[in-house]
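# Observations on the model geometry
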Amino acid sequence: MQGLILIDKPQGITSFTAVRKIKKLSGEKRVGHTGTLDPLATGVLPVFIGRATVLSSFLSDADKTYVATVKLGIKTDTFDITGSVLEERQVNISEAEIDEVLKTFEGEQLQTPPMFSAIKKDGVRLYSLARQGESVQIEPRKITVYSVSRISDFKDNSFKIRAHCSKGTYIRSLCNDIGLKLGCGATMSELRRVSAHGFDISECVLLDSITEENIENFLLSEEKAVENLRVINVTEKQAVRFTNGGELDIARLKINDPKENEKFRVKFNDLLLGIGFFSKEKNSICISNILNKI
């Protein structure tokens, strides 16, 4: 079995647990995901099966869109509702004040990830240090929030936001920072990823809906993960050469103005053979990954 399944990850399990279930249902040893979601979070989780797992890295740089619930007046150590409460404050904020503050978070900025995160510090996960009661200096990271807006009424000290952001953005940190700017503190009480890597939540299937009998019905072509790459169509002879590890002379291919290290889908008829990249030094398309042979 080989391809891509778009999972709507349920709340309460890790991304790894979701992958483990797909591995069991598919009978494939090679199963992997991209874009980890915390147990609290739900939503878009692309899962690759078989040789398609080599494509997971091609999605790592993609932007994502989330819907989150921000709860004001409370601050936790994890920046979400699952953590220990550090502080509680009275809330006297208007919707206009909330909307004004949200606008300040749009654009390129430095964001400090939460201490309870999988980022490594000197080879150790931050959450491991946090659970041991240790606190370390966390380097801020450059992120971009393309847009963030309130999408619900402000009620019971809570409101929903929709945030479209770059890779590496922690919505938990965003919620915490919103609370700091509003002066009353905040934590994230819900999180749903509604789009990622070009995939929308409407394309996803509930994990509990998948069985051994129907899993192939939800299997998509792995090519959907790399549809943003330009295509190189090759002859049968070139296909054999490429899938056997050979480079392809750019002069013998119909491709305009390739850029150094630009990646391409290499196809024979309708079959995706793999991913190649352009080497200016060799003036050739070199192999990045092989997915299928003719």
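For the structure, see preceding data.
This one's a predicted model, so the numbers in the text were calculated from it and none came from an experiment.

### Some points on unusual backbone geometry
- Positive phi, close to 60°, is recorded for H197, a residue that is not glycine.
- Inspection of the secondary structure assignment puts H197 in the loop between β12 (186-196) and β13 (199-200).
- Residue H197 is classed as buried on the basis of its relative accessible area of 10%.
- Phi is positive for N283, which is not a glycine, with a value near 50°.

### Comments concerning the sheet that holds strand β16 (residues 248-249)
- Read from one edge to the other, the open sheet built from 5 strands follows the order β15-β17-β18-β19-β16, with strand pairing classed as mixed. This sheet does not close on itself; its edge strands, each paired only once, are β15 (230-233) and β16.
- Sheet analysis places strand β17 (residues 263-268) next to strand β18 (residues 271-279), joined by 6 bridges and oriented antiparallel. From the neighbouring strand, V266 faces β18, where its bridge partner is G274.
- Of the strands in this sheet, β16, β17, β18 and β19 (284-290) are in contact with helix α5 (residues 236-243), which crosses β18 at around 75°.

Reading the values: the criteria
- Residues numbered from 1 in each chain as written.
- Predicted model: local features only at pLDDT ≥ 70, side-chain atom pairs only at ≥ 80, totals over all residues.
- Heavy atoms only, no water.
- Helix = DSSP H or I, 4+ residues; strand = E, 2+ residues; numbered from the N terminus.
- Buried < 20%, exposed > 50% of the residue type's maximum accessible area, 1.4 Å probe, protein only.
- Pairing = 2+ DSSP bridges.
- Contact = heavy atoms within 4.5 Å.
- Axes fitted to C-alpha atoms, helices over the stretch in contact; angles between N-to-C directions.

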